[in-house]
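Commentary on secondary and tertiary structure
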Amino acid sequence: MSGVAGGARPEQGPTRRPEPADATDTGTDAESAPAPESDPAPEGEPDSGGGKKKNARPFWKELPLLIGIALILALLIKTFLVQAFSIPSDSMQNTLQRGDRVLVDKLTPWFGSEPERGEVVVFHDPDGWLRDEPTPKPNAVQKFLSFVGLMPSAEEKDLIKRTIAVGGDTVECKKGGPVQVNGKALDEPYVFPGNSACDDMPFGPFKVPDGKIWVMGDHRQDSSDSRYHTDDANKGFVPVSQVVGRAVVVAWPVNRWATLPVPDTFDQSGISAAAGAAPGVAGLAGALPLVLWRRRRLTAGRTAG
């Protein structure tokens, strides 16, 4: 029979109790030893999570791209939305002072909107109004900033005036009297203090052609406006096609921030040429059925007889 099957145990040597760990021996304490820090993955190498780390680009490398985007946005804004213009003269005092910067809305004309009475508008020189005015010569930096819309242009010969009458209106002003539009006298609180409405250059009555406007400066005795150009190709009127847009706000200097709303005098009843003709048109429309009915009765009576 096998000895293993008889159940005899193999001989064992004397057991040895483990010695207590020395508290001062930190080098053998596996539990308290900090885990070694893993080295970061090299740039562009996959990390432990399996993803690839993206290298952060320095700011100086991003700066040219940011500047390029900003310039493109500024150019688009100047072309289609808003453009800054500088006031070069005193012709719009006290509404605007020489050196003011105004923001001009260029968006609404893209949708077919035309200037309305009372609006302050910027327009291209229609027919040599600024022929004798000197034009400053900007440097290359000023030209570039003007091109992208970051500063007003000094080379463009543009003017800024208030729209007084639009196509279809009749406008006039006699010496000692007020400006009248379609027979309605204008109360003009925006006119420079001490100025008359038109004593220096009375005019009219003129009927404004369709597609044109009549403009005047708020500083009447210091404004070479429509009154002084009635002998030019446009008879003093400004073609709507030459209007850049409406000045909506004074943006600079900061202490002169202000909007440029339409004065209440242009909202008075009956000032619109279309409104003045409306009663006659309505009367004709109302009388027409009556005339046709009477004519039919008379014709029927003659036929019966």
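Overview of the structure. For clarity, every value in this text was computed on a predicted model and none was experimentally measured.

**Section: the overall build of the chain**
The secondary structure content of the chain amounts to 3 helices and 12 strands. Long-range pairs, those at least 24 residues apart, make up 71% of the contacts in the chain between residues at least 6 apart in sequence. Of the roughly 20300 Å² that the chain leaves accessible, carbon and sulfur atoms contribute 58%.

**Re the environment of Val-179**
Its place among the elements puts Val-179 in strand E6 (residues 179–181). Note: C-alpha distance between Val-179 and Ile-164 (15 residues apart in sequence) is 8.8 Å. Leave out the neighbours within four places in its chain, and Val-179 touches Ile-164, Val-171, Glu-172, Cys-173, Lys-184, Ala-185, Leu-186, Glu-188, Ala-197, Met-216 and Arg-220.

**Here's the deal with a nonpolar patch on the surface**
On the surface, Phe-59, Leu-63, Leu-66 and Ile-67 cluster together to form a nonpolar patch covering roughly 380 Å² of accessible area. Relative to the helices and strands, Ile-67 is located in helix H1 (residues 59–81). Overall, the relative accessible area of 43% leaves Ile-67 in the partly exposed class.

**As for the nonpolar core**
Judged by nonpolar contacts, the single largest core of 18 residues is most densely connected at Ile-164, Val-171, Val-179, Leu-186, Phe-203 and Trp-214. Contributions of two or more residues to this core are made by strand E4 (158–166), strand E5 (170–173), E6 and strand E9 (212–216). Within the second largest apolar cluster, 13 residues are counted, among which are Phe-85, Leu-96, Val-120 and Val-244.

**A closer look at the side chain of Ser-91**
Within the element layout of this structure, Ser-91 appears in the loop between strand E1 (82–86) and strand E2 (101–105). At 3.3 Å, the side chain of Ser-91 forms a polar contact with the side chain of Ser-89.

**Here's the deal with the environment of Ala-258**
Structurally, Ala-258 is set in strand E12 (residues 258–259). Assessed through its relative accessible area of 34%, Ala-258 is described here as partly exposed. Sequence separation of Ala-258 and Val-248 is 10 residues, and the distance between their C-alpha atoms is 8.7 Å. When neighbours within four sequence positions are excluded, Ala-258 is seen to be in contact with Val-248, Val-249 and Val-250.

Cut-off values and rules
- Residues numbered from 1 in each chain as written.
- Predicted model: local features only at pLDDT ≥ 70, side-chain atom pairs only at ≥ 80, totals over all residues.
- Heavy atoms only, no water.
- Helix = DSSP H or I, 4+ residues; strand = E, 2+ residues; numbered from the N terminus.
- Contact = heavy atoms within 4.5 Å.
- Areas by Shrake-Rupley, 256 points an atom, 1.4 Å probe, with all protein chains shown as cover.
- Patch = residues over 30% accessible without salt bridge, like charges linked within 9 Å, V, L, I, M, F, W, Y side chains within 5 Å.
- Salt bridge = Lys/Arg side-chain N within 4 Å of Asp/Glu carboxyl O.
- Buried < 20%, exposed > 50% of the residue type's maximum accessible area, 1.4 Å probe, protein only.
- Core = buried A, V, L, I, M, F, W, Y, C linked by side-chain atoms within 4.5 Å.
- Polar contact = N/O pair within 3.5 Å; in protein donor to acceptor, adjacent residues only side chain to side chain.

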